[in-house]
Amino acid sequence: MKGETDESRATLGSRLSAVLVAAGSAVGLGNIWRFPAMAGDNGGGAFLLLYILCVIVLGLPLMLAEFSVGRASRRNAVGAYRKLDRRWSFLGYNSVLVAFLILGFYYVVSGWTLEYFVHSVTGTIGRYDTPDAYRGIFENFRIHPWRPTVYAWIFVLITHGVIALGVRRGIERSAKFLMPLLFVVLVVLAGHSLLMPDSDEGVRFLLRPDFSKVTPRTVLAALGQAFFSLSIGMGCMITYASYFNKETDLRRTAVNVAVLDTVVALLAGLAIFPAAYSAGIFSSAEVPTAGPDLVFITLPALFNSMAWGGLWAAVFFLLLVVAALTSTLSLHEVVTAYLHEEWCMSRKGAAGLTTVSMLFLSALASLSLGMLSDWRICGLTIFDSLDFLTANILMPVGGLLTSIFVGWRFERRLLRRELGIRGRQRSGRLTFLLFMLRWVCPVILLAVFLDNLGLL
Ligand code: TRP
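### So, the overall build of the protein chain
Scanning the protein chain for helices and strands turns up 18 helices and two strands. Taken against the 2.2 N^0.38 rule, which gives 23 Å for 456 residues, the C-alpha radius of gyration of the protein chain at 21 Å falls within 12% of a compact globule. Referenced to the eigenvectors of the C-alpha coordinate spread, the extents of the protein chain come out at roughly 60 × 45 × 45 Å. Residues classed as buried in the protein chain amount to 59% of the 456 residues present. Here the analysis covers contacts within the protein chain between residues at least 6 apart in sequence; of these, 83% occur between residues at least 24 apart.

### Some thoughts on the site of the ligand
The immediate surroundings of the ligand are formed by 17 residues, with A26, G30, Y106, F228 and S231 found nearest. Contact between the ligand and S229: a nitrogen atom at 3.1 Å from a main-chain N or O atom of the residue. Expressed as a share of its isolated accessible area of 370 Å², the protein-covered part of the ligand is 100%. Counting only elements with at least two residues in the shell around the ligand, the list comes to α1 (15–26), α2 (29–41), α5 (89–122), α10 (216–230) and α14 (309–342).

### Overview of the side chain of T149
Mapping T149 onto the fold places it in helix α7 (residues 147–165). Within the structure, T149 has its side chain in polar contact with the side chain of S366 (distance 3.3 Å). Apart from the residues within four sequence positions on either side, T149 is in contact with A363, S366 and L367.

### Observations concerning the pattern of salt bridges
By the definition in use, this model includes 13 salt bridges. R147 is paired through a salt bridge with E115; the nearest N and O atoms lie 2.9 Å apart. Linking R147 in helix α7 with E115 in helix α5, this pair joins segments that are 32 residues apart in sequence. A salt bridge links E411 to R413; the shortest N-O distance between them is 2.8 Å.

### As for the environment of R168
Take R168: it is sitting in helix α8 (residues 167–194). Residues R168 and G13, 155 residues apart in the sequence, show an inter-C-alpha distance of 7.5 Å. R168 has contacts with T11, L12, G13 and R173, leaving out every residue within four places of it along the chain. Within the local environment of R168, its side chain forms a polar contact with the backbone oxygen of T11, the two atoms lying 3.0 Å apart.

### Quick word on the confidence of the model for the protein chain
Per-residue pLDDT for the protein chain has a mean of 89; in total, 95% of the residues score no lower than 70. The model gives residues 1–5 a pLDDT under 50, and that stretch makes 11 contacts with residues more than four places away or in other chains.

### So, helix α9 (residues 200–207)
Within the span of α9, buried status applies to G202, F205 and L206. Looking down the long axis of α9, one finds its buried residues gathered within 90° of arc, a one-sided arrangement. Where α9 is buried, its residues contact α2, α3 (45–73) and α12 (250–278).

### Side note on the environment of W312
Tracing the backbone through its elements, the reader meets W312 in helix α14. Spatially, the C-alpha atoms of W312 and S120 are 8.7 Å apart, while their sequence positions differ by 192 residues. With residues up to four places along the chain from it excluded, the contact list for W312 reads V188, L189, H192, F303, M306 and A307. In terms of polar contacts, W312 uses its side chain to reach the side chain of H192, at 3.4 Å.

### A closer look at a nonpolar patch on the surface
The grouping of F183, V187, V255, V259 and V263 at the surface amounts to a nonpolar patch, some 360 Å² of accessible area in total. Mapped onto the nonpolar patch, the elements with two or more residues apiece are α8 and α12. If one sorts the elements of the nonpolar patch by residue count, α12 sits on top with three residues. Turning to its location among the elements, V187 is positioned in helix α8.

### Description of the packing of helix α17 (residues 412–419) against helix α18 (residues 427–452)
For the pair α17 and α18, the least separation of the axes is 12 Å and the interaxial angle reads 115°. The two elements α17 and α18 cross, and the hand of that crossing is right-handed. Facing R412, L415, R416 and L419 of α17, the residues of α18 in contact are S427, L430, L433, L434 and R438. Broken down by class, the residue content of the contact of α17 with α18 amounts to five nonpolar, one polar and three charged.

### A word on the nonpolar core
Counting 160 residues, the largest nonpolar core has F67, I102, F296 and F316 as the members making the most contacts within it. By residue number, the principal contributor to this core is α14, which donates 18 residues.

Procedures and definitions
- Residues numbered from 1 in each chain as written.
- Predicted model: local features only at pLDDT ≥ 70, side-chain atom pairs only at ≥ 80, totals over all residues.
- Heavy atoms only, no water.
- Helix = DSSP H or I, 4+ residues; strand = E, 2+ residues; numbered from the N terminus.
- Rg over C-alpha atoms; globule rule 2.2 N^0.38 Å.
- Buried < 20%, exposed > 50% of the residue type's maximum accessible area, 1.4 Å probe, protein only.
- Contact = heavy atoms within 4.5 Å.
- Near = heavy atom within 4 Å.
- Polar contact = N/O pair within 3.5 Å; in protein donor to acceptor, adjacent residues only side chain to side chain.
- Areas by Shrake-Rupley, 256 points an atom, 1.4 Å probe, with all protein chains shown as cover.
- Salt bridge = Lys/Arg side-chain N within 4 Å of Asp/Glu carboxyl O.
- pLDDT = per-residue confidence, 0-100.
- Arc of directions from axis to C-beta.
- Patch = residues over 30% accessible without salt bridge, like charges linked within 9 Å, V, L, I, M, F, W, Y side chains within 5 Å.
- Axes fitted to C-alpha atoms, helices over the stretch in contact; angles between N-to-C directions.
- Left-handed = near helix turned anticlockwise from the far one by under 90°.
- Nonpolar A, V, L, I, M, F, W, Y, C, P; charged D, E, K, R; others polar.
- Core = buried A, V, L, I, M, F, W, Y, C linked by side-chain atoms within 4.5 Å.

What follows is the structure, encoded as structure tokens:
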């Protein structure tokens, strides 16, 4: 960090804020939109079990690694690696790049949730009666020449407003308000879904493991989902942890964040599947549709079949908007903190530059689903290539190198200090963590990476 001392750097007010802010990053579209769809595709309960295993075995050690790097250096992702070991600065650049590229398509989907929220408030969502009609609406909306772009832009500008307010007044304050709101809304939705007649079929689907559906692919899908959902494999948690105060217990924070993130994913599944089975949208033989379809096609049709459907739709899409916002904030912050500290820009200027670039990239990603669908990179649209490049290549590589860095290169003394491991009796925990970071995480991540490239 040039020209600024550590003392003048923003620090979060309390330990609770650390949990809320990091959980805000972790809880996002990944939990509410992607997790239920993936669980639906991969055998419900069996996927859930694998997912939890991935969170514990790989997710937690890596989150601790990122937290330690962030708080030990108190820098943005690039500055952090540069301070700890210059030769590893490239990993910081990879992080900022991934944040930038993920944001490109994340803003587009966030924009869709905002549009659906607006339409459920105005009542236009509830006008159709078959799932096919909803499919038509969604397809037409996605390829519309400007509407999805405008909504993505509104989302970028809202995020900008919060980021420009600063770490304490913007990010911390919004997390303290938005995270409890999200939780309450989710509990209400799940409760409502569970109270619908014959909802137990949906619960069984989500909680009863059916191992006949499990293949090596399922394991990889669970792993990728765990990483995406916990916001690890790139500098998000490094950047946020750089604002944690000295009293924050990193181990406890990581466990809290992982538990909250998993509980939210589970509740999202419970808000969706029991209601969907109850309304007869899925029969047990027919597995729910994957990808964007579940949220943007199946669910609007489902809400329409309920009493007070418009209200439930509005509440659900509000939930998605809130979840998406706390995550775009964390990604926007990675790029902003980098520009602010490494390019010596003012914070507002750095946020502004990030925002202007995002307006451009999100418009490209959004239009690539319609007007610009002929612009292809290796056969993929811009939207799909951003997704593919980050999820399948850059994030696993980022996770792999982060675990190698912290396992092998990071000073043991610093790691002990950050994790609050003192004295001999506790050394077992450190040895265990190092074993995971040195061997288990790299081997598994290498396998994921090679498999993603079709080399395994
Ligand atoms: N974890 C968020 C979600 O579940 C998305 C996200 C935010 C993310 N920051 C990230 C994913 C950093 C990967 C890396 O939707």
